[in-house]
Amino acid sequence: MHDAVIARFSRTLSTTFAYGVPLAEALESTADAAGNAVCAKAIRTIRDDVTTGTSLALSIRTTGLFPSILLQMTGIGEESGSLDDMLGKVADHYEASVDNAVDSLSYLMEPLIMSILGVLVGGLVIAMYLPIFMLGSVI
């Protein structure tokens, strides 16, 4: 879940910043789209820090919720003037991580689902044919 929130934060901020939305407004819409109350509060704190003149990378670092790769890429993006590209790369990385985790989880759940379906179908078959077999033994 943490990686999904980071990916959503990075992608939303990258997209809004790339289309010319001011950073403070982009951070506000990112906080609304975060999907996590703790991260939304941290993003609003970042927005407040940025509006007072603190750099984005330093503001993100002070929250303590975001991973070092996001901090480093944000710092590089601010220095080079390509913040939207760097945040896009972070979002790509974390989206791939989330996709791999979901694929692994579904791969692990497959045998469990098949076992449960087998028990349910077997129970229904036994429930349908047991009265017929009992009727045969009575005759």
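First things first, this report covers the structure right here in the doc. Because the structure is a prediction, the values reported are computed rather than measured.

Criteria and thresholds
- Residues numbered from 1 in each chain as written.
- Predicted model: local features only at pLDDT ≥ 70, side-chain atom pairs only at ≥ 80, totals over all residues.
- Heavy atoms only, no water.
- Salt bridge = Lys/Arg side-chain N within 4 Å of Asp/Glu carboxyl O.
- Helix = DSSP H or I, 4+ residues; strand = E, 2+ residues; numbered from the N terminus.
- Buried < 20%, exposed > 50% of the residue type's maximum accessible area, 1.4 Å probe, protein only.
- Core = buried A, V, L, I, M, F, W, Y, C linked by side-chain atoms within 4.5 Å.
- Contact = heavy atoms within 4.5 Å.
- Expected span 1.5 Å × (residues − 1).
- Arc of directions from axis to C-beta.

## Some details on the pattern of salt bridges
- For the coordinates displayed, the defined rule picks out 6 salt bridges.
- Across the pair Glu28 and Arg47 runs a salt bridge whose closest N-O atoms are separated by 1.9 Å. Of this pair, Glu28 sits in helix H2 (residues 23-33) while Arg47 sits in helix H3 (residues 37-51), and the two are 19 residues apart along the sequence.
- Judged by its relative accessible area of 23%, Glu28 is partly exposed.

## Here's the deal with the nonpolar core
- Membership of the largest hydrophobic core comes to 24 residues, with the highest contact counts inside it found for Phe9, Leu13, Leu27, Leu56, Ile60 and Phe66.
- Residue contributions to this core peak at 5 residues, all from helix H6 (residues 83-138).
- Beyond its immediate stretch of four places on either side in the chain, Leu13 contacts Leu23, Ala26, Leu27, Thr30, Leu56 and Leu87.

## Quick notes on the side chain of Thr30
- Along the chain, Thr30 falls in helix H2.
- Setting aside chain neighbours within four positions, we find Thr30 in contact with Phe9, Thr12, Leu13, Thr16 and Ile43.

## Notes on H3
- End to end, H3 covers 21 Å across 15 residues, agreeing with the expected 21 Å (1.5 Å per residue, within 8%).
- Every buried residue of H3 is listed here: Cys39, Ala40, Ala42, Ile43, Ile46 and Val50. Buried residues of H3, seen end-on, are gathered within an arc of 160 degrees and therefore sit on one face of the element. Pointing more than 90 degrees away from the buried face of H3 are the exposed residues Ala37, Val38, Lys41 and Thr51.
- Those residues of H3 hidden inside the fold are in contact with helix H1 (2-18), H2 and helix H4 (56-63).
- Positive backbone phi, at 110 degrees, marks Gly53, one or two positions downstream of H3.

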